[in-house]
Amino acid sequence: MSGHDSRLRDLDRARWRMALTLTGATVLLYFGFIALVAFGRSLLAFQVIPGLSLGILLGALVIVASWILTWVYVRWANTVYDPQVRALLESGR
Amino acid sequence: MIQRAADTAIGQPNAVAMAFFFVFISITLAITFWAAKRTRTTEHFYAAGRTISAGQNGFALAGDYMSAASFLGIAGLVSTTGFDGLIYSTGWLVGWPVVLFLIAEPLRNLGRYTFADVVAMRLRQTPVRIAAALGTLATVTLYLIAQMVGAGGLIRLMFGLSYEHAIILVGIFMIGYVLFGGMIATTWVQIVKAGLLMSGALLLALLVLLRFDMSPAALFAAAAERYGAGVLGPGKLVSNPLDAVSLGMALMFGTAGLPHILMRFYTVPDARAARTSVFIATGLIGLFYLLTFILGFGAMVLIGPDTIRAVDKGGNMAAPLLAELLGGTPFLGFIAAVAFATILAVVAGLTLSGAAALSHDLWVSVVRKGRADAGEQLRVARIATLVLGIVAVGLGITFKGQNVAFMVSLAFAIAASANFPALVLAIFWRRYTTAGAVTSMATGTVATLALIYLSPTIQVDILARGNAWFPLKNPALVTLPLSFLAGILVSLLAPEPDAAAGFTRLERQTHLGTGETR
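A look at the overall build of chain A
Here is step 1 of the chain: Secondary structure summary: chain A contains 3 helices and 2 strands in total.
Here is step 2 of the chain: Whereas a compact globule of 93 residues would reach a radius of gyration of roughly 12 Å, chain A reaches 20 Å, over 25% beyond that.
Here is step 3 of the chain: In terms of principal-axis extent, the alpha carbons of chain A reach across some 65 × 20 × 10 Å.
Here is step 4 of the chain: Within chain A, buried positions represent 27% of all 93 residues.

In structure tokens:
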């Protein structure tokens, strides 16, 4: 295997590591919320400020956090992954 | 208390609704006419010539995904059950990060028109294409039936049109967009619809919040004061935690297996645009589901659950009622037209992806073994569109008055259990084989259909039996792992050296696109 190919492998691995970590985070986030809905009813009914229950707050946070996770990935892919791929492809010519 | 009797203009022909509807139809037909002149090859018909920008595709993805069920259904559910409805709002969103992390880029890099392209890539074409096309058609048909039946009912409720006329009207426009304008017209119909839906929902939420000093907390507090603090916390909907987890799995991984969503990634120029488009779509869809919090509780406080149920048992008219209360008949007309546009756009997207499975996967790849010329491919794609559109209208009329709400979650369960595992294993796993792929997709589809039939959804809710053999309403908790297991076991039992060699050959392309050879 040439050095070029092994660097490409490393880059692939880095992308999959990132993808799987972020997928795991999303799964934990959502099923953590569902677990609270199932087992923490009284906790979620607690009102942080009058009207805003912990359940509504966490539900909104799940949505916002999912979006932030997609932002983290896009930012990483655009600023770290893509330039390295480009550099590698150019050096491999 | 502001509760009113159900005196509403809903169900009567509404001049403003007609006017908005007419404007929407005129714009979309103009787009279709423009797109038809640009649709000369299958590349245009299925993938809009790969010229859609990331921003446009972000809006189109959101348009494809936000159905009338999510707009009218969730607002209705929140307005009648409170917090429990919000569980759906979050569940419908969390599939999108998964689409981005695992699927969007490899799909764009490997395939051409359908997700079967990617699954079949290094495997034997015929069996894999047939299995994947059946998974696609099962998902699309169930989703279409649910949308058509919902459309018939909603349009009857809002415009006073007969059910059959409504379905035929939807069918004519849907076939028109796709048949003549292909993916270019479908994409722009989605973009217009997403823009309308977002502005309608934003405006409605703003009008609600104006009544509560712009404070969502004050709105929720008013709901708690009137209907008890219980509406702000989990209620009866999630009585069985396993049920909630199973539904959650179907929503989360089903999104990444919906053929009409996956197909959109082929319309952008490269993987980077595919990536950005999911980020934009997730933002739009997330904002929309956050707005359902306001719309739902707004309808609960300002209209009241009893009045909402009196107009429509399912609560679907909560958002239109709210629009009428806050903006009078003109705003009701606008929201009704938006709901109609929503339905039209979603069924057009579904029809196109089903037609691609019929023509590209079954006819061109299986029957003609890839030897059909460009003219024949385009012709077959259009015939498939016409056939599928007519079948959809027929099914919509056949299922009149049936309880089809379960069909959407069934479509998600099949997408999660048949399409998603096949796609993930094909992208990730070197030792995946033809036999493994076919077994996995067949197991996912058959097990999902069987378990849904044995579940309380069919046995108790529809057949009115006392109990059901299978306890969960949604089977994804069982069928998704089962499908992965079947695919992995069969692949390990009978290795396919050619397929493994193909994996190595395609490795660069999977992660890097066509790269240097572009």
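Let's pick the thread back up.
Structural notes on the confidence of the model for chain A
Here is step 1 of the chain: Looking at chain A, the pLDDT average stands at 88 and 95% of residues meet or exceed 70.
Here is step 2 of the chain: At the low end of the mean pLDDT range in chain A sits helix α2 (residues 41-45) of chain A, at 87; at the high end sits strand β2 (residues 52-53) of chain A, at 93.

So, the interface of chain A and chain B
Here is step 1 of the chain: Contacts between chain A and chain B engage 41 residues on the former and 44 residues on the latter.
Here is step 2 of the chain: Elements with a contribution of two residues or more to the side of chain A that touches chain B: α1 (3-39), α2, β1 (47-49), β2 and α3 (54-91) of chain A.
Here is step 3 of the chain: With 18 residues, the top contributor of residues to the side of chain A that touches chain B is α3 of chain A.
Here is step 4 of the chain: When its residues are assigned to classes, the side of chain A that touches chain B shows 28 nonpolar, 9 polar and 4 charged.

Quick word on helix α11 (residues 241-255) of chain B
Turn by turn, an α-helix covers 3.6 residues, leaving residues three or four places apart pointing in a common direction.
Residues and elements named next belong to chain B.
Here is step 1 of the chain: Here α11 contains 15 residues, and its C-alpha end-to-end distance of 21 Å stays within 8% of the 21 Å for a straight helix at 1.5 Å per residue.
Here is step 2 of the chain: The buried fraction of α11 is high, at 12 of 15 residues.
Here is step 3 of the chain: Taken residue by residue, α11 has Ala244, Val245, Ser246, Leu247, Gly248, Met249, Ala250, Leu251, Met252, Phe253, Gly254 and Thr255 as its buried positions.

Focus on the nonpolar core
Residue and element names in this part refer to chain B.
Here is step 1 of the chain: One finds Val119, Leu295, Ala299, Ala319, Leu322, Ala339 and Val347 to be the most contacted residues of the largest nonpolar core, which totals 227 residues.
Here is step 2 of the chain: Counting residues per element, this core draws most heavily on helix α15 (residues 318-367), which supplies 30 residues.
Here is step 3 of the chain: Beyond its immediate sequence surroundings of up to four residues, Ala299 is in contact with Ala75, Ser79, Ile308, Ala318, Ala319, Leu321 and Leu322.

Quick notes on helix α3 (residues 54-65) of chain B
Residue and element names in this part refer to chain B.
Here is step 1 of the chain: An ideal rise of 1.5 Å per residue puts 16 Å on 12 residues; α3 measures up with 16 Å between its terminal C-alpha atoms.
Here is step 2 of the chain: Every buried residue of α3 is listed here: Gln56, Asn57, Gly58, Phe59, Ala60, Leu61, Ala62, Gly63, Asp64 and Tyr65.
Here is step 3 of the chain: Contact partners of the buried residues in α3: α9 (163-210), α12 (259-262), α13 (271-302) and α15.

Focus: the packing of helix α18 (residues 434-454) of chain B against helix α20 (residues 476-493) of chain B
Residues and elements named next belong to chain B.
Here is step 1 of the chain: At a minimum axis distance of 8 Å, the contact between α18 and α20 shows a crossing angle of 155 degrees. Between α18 and α20, the angle falls in the class roughly antiparallel. Seen from above, α18 lies across α20 with right-handed handedness. Facing Ala435, Gly436, Ala437, Thr439, Ser440, Thr443, Gly444, Ala447, Thr448 and Leu451 of α18, the residues of α20 in contact are Val478, Thr479, Leu482, Ser483, Ala486, Gly487, Ile488, Val490 and Ser491.

A closer look at the packing of helix α17 (residues 405-428) of chain B against α18 of chain B
Residues and elements named next belong to chain B.
Here is step 1 of the chain: Put simply, α17 and α18 touch, their axes get as near as 9 Å, and they point 165 degrees apart. Taken together, the axes of α17 and α18 are roughly antiparallel relative to one another. By crossing handedness, the relation of α17 to α18 is classed as right-handed. Contacts between α17 and α18 involve Leu410, Ala413, Ile414, Ser417, Ala418, Pro421, Ala422, Leu425 and Ala426 on the former and, on the latter, Ala437, Ser440, Met441, Gly444, Thr445, Ala447, Thr448 and Ile452.

Cut-offs used in this document
- Residues numbered from 1 in each chain as written.
- Chains lettered and ligands numbered in written order.
- Predicted model: local features only at pLDDT ≥ 70, side-chain atom pairs only at ≥ 80, totals over all residues.
- Helix = DSSP H or I, 4+ residues; strand = E, 2+ residues; numbered from the N terminus.
- Rg over C-alpha atoms; globule rule 2.2 N^0.38 Å.
- Buried ≥ 20, exposed ≤ 12 C-beta atoms within 10 Å, placed from the backbone.
- pLDDT = per-residue confidence, 0-100.
- Contact = placed C-beta atoms within 7 Å.
- Nonpolar A, V, L, I, M, F, W, Y, C, P; charged D, E, K, R; others polar.
- Expected span 1.5 Å × (residues − 1).
- Core = buried A, V, L, I, M, F, W, Y, C linked by C-beta atoms within 7 Å.
- Axes fitted to C-alpha atoms, helices over the stretch in contact; angles between N-to-C directions.
- Parallel < 35°, antiparallel > 145°, perpendicular 65-115°, else oblique.
- Left-handed = near helix turned anticlockwise from the far one by under 90°.

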